[in-house]
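One letter stands for each residue in the lines below.
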Amino acid sequence: MAQGVLSFPLTSFHDDGSLDPDGFRAHVAARIATAPGAVFPACGTGEFFSLDEDEYRQVVTIAVEEAAGRLPVVAGAGYGWAQAARFARIAEEAGADALLVLPHYLVAAPQDGLVAQLEHLAARTRLPLIAYQRGQVAFTAASLRRVAAVPGVIGLKDGHSDLDRLQRLTLAAPDGFLFFNGAATAEIQARAYATVGVPAYSSAVHAFAPEIANACFTALRDGDDKTLHRLLRDFYVPLVELRDRVPGYAVSLVKAAAWLRGHRVGPVRAPLTDPSPADLAELRALLATGLDLVGAAL
């Protein structure tokens, strides 16, 4: 998975909010055609939290069919372990290769409970699990050792960007345990994560501009600081500033940018909201700038 950006496709909806399977198929096929390291359907960017079980089954099944064994398909699963196990069974039946265990719902929990959540889920699925620490989920080094010892748990995605804590976790983990940079707009912090041994990262930008995402990944891999600085300064940093303007823009801006590229992804579902006309116009100009930087067109 470290051989390319990790792609988190958007879930397509019709204007009335119903699932658009054909739109999703076209969108995920286009992502896969650009050779990401893996595809992660029905995760945060894919609005997992808004999908019912039947919709989830359709989304994961389509992703598996389009991947056709060419790259790993890692489906999201979340809420408490009992509900997560229901999604895990669906993903398993659909042919997914692994699960990304999204942070549980609402409540803070002690370390013993965070470990037990993974133990319960791992006991109920044959699929490998990647834990996602973000929000109320944050493992200590001692807990990470316990997590890594749970049969079936193969890795950790980090969304906290606490590099001191993350370095302690990477040192506590056994050889072969996987780590991923899951920070919002991960490219901004990709170099910093790589210094503590975490080069693999997810890319929301890949959902609407794989040309930019792949150019950034290549610049990072090749040590091309000139290209990297230009992309970060002129595209990624302004994107983050726009993203931070409204809660939920981490998803809805990505979806809006995909519309601007002609992808049939539709609106976001409540409680998210689509960007305002003014923010959409700003996004259009920023997207044009980013694409121009890599020699592509809107």
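A brief report on the enclosed structure follows. (Residues numbered from 1 in each chain as written. Predicted model: local features only at pLDDT ≥ 70, side-chain atom pairs only at ≥ 80, totals over all residues. Heavy atoms only, no water.)

## Considering the overall build of the protein
Part 1: In terms of helices and strands, the protein carries eleven helices and eight strands.
Part 2: In terms of C-alpha radius of gyration, the protein reaches 18 Å, essentially the compact-globule figure of 19 Å for 298 residues.
Part 3: Burial analysis of the protein (298 residues in total) assigns 52% to the buried set.
Part 4: Carbon together with sulfur atoms contributes 54% to the accessible area of the protein, which is approximately 12200 Å² in total.
Part 5: Here the protein contributes 26 positive and 32 negative side-chain charges, whose respective centroids are spaced 3 Å apart. (Helix = DSSP H or I, 4+ residues; strand = E, 2+ residues; numbered from the N terminus. Rg over C-alpha atoms; globule rule 2.2 N^0.38 Å. Buried < 20%, exposed > 50% of the residue type's maximum accessible area, 1.4 Å probe, protein only. Areas by Shrake-Rupley, 256 points an atom, 1.4 Å probe, with all protein chains shown as cover. Lys, Arg positive; Asp, Glu negative; His and termini not counted. Charge placed at Lys NZ, Arg CZ, Asp CG, Glu CD.)

## Focus on the sheet that holds strand β5 (residues 129-133)
For sheets, the rule is that strands pair by backbone hydrogen bonds, running either parallel or antiparallel.
Part 1: A sheet is described by the order of its strands in space; here five strands give the open sequence β3-β4-β5-β6-β7, paired in parallel fashion. A single partner strand is all that each edge strand has here, and the edge strands are β3 (74-77) and β7 (178-181). Ignoring strand direction, the axes of neighbouring strands in this sheet form an average angle of 25 degrees.
Part 2: With four bridges connecting them, strand β6 (residues 153-158) and β7 associate as parallel partners. (Pairing = 2+ DSSP bridges. Axes fitted to C-alpha atoms, helices over the stretch in contact; angles between N-to-C directions.)

## A few points about the pairing of strand β4 (residues 98-101)
Part 1: Judged by which residues are buried, β4 turns out to be covered on both faces: Ala98 and Leu100 on one side and Leu99 and Val101 on the other are all buried.
Part 2: Two strands pair when backbone bridges link them, and β3 and β4 are joined in this way by four bridges, in the parallel orientation. By the bridge assignment for β4, Ala75 is matched with Leu99.
Part 3: On the question of chirality, the crossover connecting β3 to the parallel β4 by way of helix α3 (residues 81-94) is right-handed. (Right-handed = clockwise from strand over helix to strand, strands pointing away.)

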